[in-house]
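Spelled out from the first residue to the last, the chains are:
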Amino acid sequence: MIPEERTDDPGSGEESARLQPAGSVREGCDPLAQTLRGRLQSRRAQVHQQINKELRMRTGAENLYRATSNAWVRETVALELSYVNSSLQLLKEELEELNGSAEGDRPAGEGVSVPMIPLGLKETKELDWSTPLRELISGHFGEDSASYEAEIRELEDLRQAIRTPSRGETGLELLMAYYNQLCFLDARFIAPTRNLGLLFQWYDSLTGVPAQQRALAFEKGSVLFNIGALYTQIGARQDRSCPEGTRRAIEAFQRAAGAFSLLRENFSRAPSPDMSPASLSMLERLMTAQAQECIFEGLLLPSTEAPQGCLAQLRLAQEAAQVAAEYRLVHQTMAQPPVRDYVPFPWTTLVRVKAEYFRALAHYHAAAVLCDSPPAAEVDCPALSQAFLGLPATPGPPGAAPQEQEGRRMLGKAHLKRAILGQEEALRLHAVCRALRSVDLLQAVLAQALRRSLARYSELDREDDFLEATEAPDIPPKTQQKPEIRAPSFSRVKVTDIFHRLGPLSVFSAKNCWRLVGPVHVTRGEAGFGLTLRGDAPVLIAAVIPGGPAAAAGLREGDYIVSLNGRPCKWWKHAEVVAQLKGVGDEGASLQVVTLLPRAEPPSTGEHRPALGALLRGQKECGRGPPAPGRASPRPLLGWSRKAKRGKTRGRLSPHP
C-alpha cells in the first residue's frame, strides 16, 4: 500500500506533559509499556486520539465548505478535506492492523515484490430510518408501525455496522448483506413519484468532499463502491510470494473491477467525483492492471507445470510487456480531465513507475532468451523469436556459426541496455514522489532489478566492442491469462427481507395500491366455494363462478387472499390455502382479501411495470404517473400500475443485483 506522509504535531509531547497530573506515572515508568501488549494498547490509544482530531478538523472544514461561496476558499477547503480524508483512511487501516494482530510487526513471509494501490472506503454519517419507515408502514401499508420497531432497529444496526467494516471477508459479507437489504427496501418502499425523504450523505473517497442526495440509489451505489474498495484492500494485503496468495489477490482485484464496472453501468448520476463514469472507468482499468501484474508474479513462482528454458523466458517477456501496456493505459486515463484533478499524485507516479519497470523486465527476459538459450533452442520457437527478438525467420542448424552467436550477443546487449534505461527511469520517478520515497520495499525492488541488469550487461560487454549495439525492438504484449471482470457474488450472502411481515413484494409495495376487503364470510355450496385459486404467496383468486357462494360474498377475480379464518396467509402456498378451505365445515370460511387498484397512466405510453427481478435489482428507476383516486375504503390506497403482472410467485425472494 502507498502511505501518505504525515508529520506528528511537534507540540503534542509538550501538551501531554502539561496535562499530566501530579503523581501520575510518567513515560518510562509504566509497567504495561514494558510488554508487547502494553505497547500495542498505547499505540491504539494514540491512533484513536489522532482519528478524533482528524474528525474534528473535517467537521470544521465541511462547515466552512458549505458556508462559503468564494471559489478560492472552496478550492482550498476541498484540498484540506482531501488531505484529512487520506489521513483518516491510513489511521483506520493502521488501527485495523493493530486490532487484528497480537504482534507488532507483520510475519516475515508476508512480503511482496511491488506494492499495490488499494482504495479507501467512503465514509458516511449516521442515518435515522425510523421516522420515514414508520410513516410508510402506518400510512401506506395500513399496519401498526409500533409492531415493527424490532425490524427498524435491525436495519439501523446493520447500517451502523457497515460504517466501519472489518478489512476482510467478514466485512465484505456485511456490506453485501446491507446492499441486498437496500434492494429489498427499494422494491418495497420506493415509489416512482416519491422517495423516503432521507438525506444520504457520503464523503468522497478521493477528495474527502461530502456529497448528499435523497435518492436511495446513491446509498446503494456508495455501498457498492465500498465493496469494490474493500476488495482492493484485500488484494493488496495478500502474500503474493505463494501460489495461493497470488490466486486470492487476482480474484480480489477482478472482483473489484467487476464492482466498479457494475457501478458505472447502473449508477451514472452520483454527485460524488469518485463515482463519476470517468473515475469508475479509471478504477476498473487500474484493478485490471493490478490483476494482470499478479498473473505475471504467479509465473515467477516455482512450478513443475510451467514451461522451462526458451519458452519460459519468452512467455515472461510477453507477460511483462502486457503488464506494462496495461499500466500505460491506466496512466493515460489518469492524465485525462477531470480525473487528473483529484487522483492522488502517488497513484499516478506509481503507475508510471510500474509501466517503466515491467517494460524493462520484458527486455531483460528477452535478453535472457538470447544469451542463455543455446542456438538449438530456436528450432523449437522460431516464430516467437522472429516476433519480438529480431532474429531471422529461418532457424540455423544445431551448430550455429560464430557470427550468428555474435549477433545474438549484440542483440542481447541491446535489450539489456533498454532494460537498464527503463529501470533507471523507474528509480528517477520513484525519487520524485515524497510518498513513494517512504516505501523502502519498492525502492529495494527497483534497485535490485537495476543491479541485476547491470551485472548481466557487464558480462556481455567486451573491450573490443567498438560498434554500438543495434536498437532492440519493442516486445509485443501478449498474455495467456487475461483478467476477467467479475461482479461481486451477492447471491452467496443469503439474507431475508427484514420487513417480510408486510407481505410478498409482488403485491405489498409502495409501487402498488390496493383495497382491503373483509372479513368476508363464504359458505360451501353444492359445487364448493365457487372459485378457482392460483399461485403462491399470496394466493390469487383466478376465477369466480357467477352465482356461486364466492360471487355472492363479493369476491372478485384478481383478489388476493391475505387472511383465512383470522390467520394471516400472505406467505402461504397454494396447497396450504386449499387444504384449509377443504377442512372447513358447513359453517364456511372467513376470508380477507386485497383488491389491487389501477392508477391512471398516459394512454400514449406503452411501458409495463418491470418484472419483480428487475425491481429487486433496483439498479434503474422507471418513471410513473400520479396515482388515480380509488373507491372509498377503510384502508389507505397505494400507487399501483394497471399493467402489473398478476402471476404466481413461489417462495421467499432474495435480491440478485
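For the structure itself, consult the block above.
Every value quoted in this text rests on a predicted model; they were computed, and no experiment measured them.

Student: Could you give an account of the packing of aromatic side chains, naming the residues involved and the relevant values?
Tutor: In this description, a pair of aromatic rings is defined by centroid distance and the angle of the planes. Under the definition given, this model contains 10 aromatic pairs. On the basis of an interplanar angle of 55 degrees and a centroid distance of 5.9 Å, the ring pair of Trp 129 and Phe 200 is categorised as tilted. Note that Trp 129 is positioned in the loop between helix H3 (71-99) and helix H4 (130-139) and Phe 200 in strand S1 (residues 200-203), a separation of 71 residues in sequence. Phe 200 matches Trp 129 in its accessibility class, with the two residues each being buried. Ring centres of Tyr 357 and Phe 358 lie 5.0 Å apart, and the angle between their planes is 75 degrees; this geometry places the pair in the edge-to-face category. Each member of the pair, Tyr 357 as well as Phe 358, carries the same accessibility label: buried. Ring-pair connections join several aromatic residues into one group, and the members of that group are Phe 141, Phe 189, Phe 499, Phe 508 and Trp 514. Above the ring of Tyr 203, the side-chain terminus of Arg 58 is found at 3.8 Å from the ring centroid. Positioned over the ring face of Tyr 65 is Arg 74, at 4.1 Å from the centre of the ring.

Student: Describe in detail the packing of helix H5 (residues 149-162) against helix H6 (residues 169-189), supporting the description with residues and values.
Tutor: Direction vectors running N to C along H5 and H6 enclose 135 degrees, while the axes themselves pass 10 Å from each other. Relative to H6, H5 is oriented oblique. When you trace H5 past H6, the crossing you get is left-handed. Here H5 contributes Leu 155, Leu 158, Arg 159, Ala 161 and Ile 162 to the contact with H6, which in turn contributes Leu 174, Leu 175, Ala 177, Tyr 178, Gln 181 and Leu 185. When the residues that make up the contact of H5 with H6 are grouped by side-chain class, the tally is nine nonpolar, one polar and one charged.

Student: Explain the pairing of strand S8 (residues 589-596) to me, and be specific about the residues and the numbers.
Tutor: Here S8 lies mainly inside the structure; six of its eight residues are buried. Here strand S6 (residues 560-564) runs beside S8; their pairing, made up of four bridges, is antiparallel. Opposite Ser 563, over in S8, you have Gln 592 as the bridge partner.

Student: Can you explain H4? Please cite residues and give values.
Tutor: Among the residues of H4, Ser 130, Pro 132, Leu 133, Leu 136 and Ile 137 are the ones counted as buried. Those residues of H4 that are buried lie in contact with H5 and H6.

Student: Would you mind going over the packing of helix H9 (residues 277-300) against helix H11 (residues 345-372) in detail, with residue names and values included?
Tutor: Relative orientation of the contacting elements H9 and H11 amounts to 35 degrees, with a least axis distance of 13 Å. Crossing angle aside, the handedness with which H9 passes H11 is left-handed. Residues Leu 283, Leu 286, Gln 290, Glu 293 and Phe 296 of H9 touch H11, and the partners they reach there are Trp 347, Val 351, Lys 354, Phe 358, Leu 361 and His 365. Here the residues of the contact of H9 with H11 sort into seven nonpolar, two polar and two charged.

Student: How would you explain the environment of Val 593 if you had to name every residue and give the values?
Tutor: For Val 593, the location among the structural elements is in strand S8. Residue classification places Val 593 among the buried positions, given a relative accessible area of 1%. For Val 593, the residues in contact, after removing those within four places along its chain, are Arg 515, Leu 516, Val 517, Ile 541, Leu 555, Asp 559, Tyr 560, Ile 561 and Val 562.

Student: How would you explain unusual backbone geometry if you had to name every residue and give the values?
Tutor: The omega angle of the peptide bond from Pro 337 to Pro 338 is 5 degrees, so this bond is cis rather than trans. With respect to the element layout, Pro 338 can be found in the loop between helix H10 (310-334) and H11. Phi at Asn 565 takes a positive value of approximately 55 degrees, unusual for a residue other than glycine. Relative to the elements of secondary structure, Asn 565 occurs in the loop between S6 and strand S7 (567-568). Taking the relative accessible area as the measure of exposure, Asn 565 reaches 39% and is therefore partly exposed.

Student: Residues and numbers for the pattern of salt bridges, please.
Tutor: Counting across every chain of the model gives 25 salt bridges. For Glu 149, the salt bridge identified is with Arg 134, shortest N-O distance 2.7 Å. Of the two residues, Glu 149 is situated in helix H5 and Arg 134 in helix H4; the sequence distance between them amounts to 15 residues. Looking at Glu 149, the relative accessible area reads 28%, which means it is partly exposed. Classification of Arg 134 by relative accessible area gives partly exposed; the value is 27%. As a salt-bridge pair, Arg 315 and Glu 319 come within 3.9 Å of each other at their nearest N and O atoms. On the criterion of helical spacing, the pair formed by Arg 315 and Glu 319 is a turn pair, its members being four residues apart in helix H10.

Cut-offs used in this document
Residues numbered from 1 in each chain as written. Predicted model: local features only at pLDDT ≥ 70, side-chain atom pairs only at ≥ 80, totals over all residues. Heavy atoms only, no water. Phe/Tyr/Trp six-rings, centres within 6.5 Å; stacked < 30°, edge-to-face > 60°. Helix = DSSP H or I, 4+ residues; strand = E, 2+ residues; numbered from the N terminus. Buried < 20%, exposed > 50% of the residue type's maximum accessible area, 1.4 Å probe, protein only. Lys NZ or Arg CZ within 6 Å of the ring centre and 35° of its normal. Axes fitted to C-alpha atoms, helices over the stretch in contact; angles between N-to-C directions. Parallel < 35°, antiparallel > 145°, perpendicular 65-115°, else oblique. Left-handed = near helix turned anticlockwise from the far one by under 90°. Contact = heavy atoms within 4.5 Å. Nonpolar A, V, L, I, M, F, W, Y, C, P; charged D, E, K, R; others polar. Pairing = 2+ DSSP bridges. Salt bridge = Lys/Arg side-chain N within 4 Å of Asp/Glu carboxyl O.

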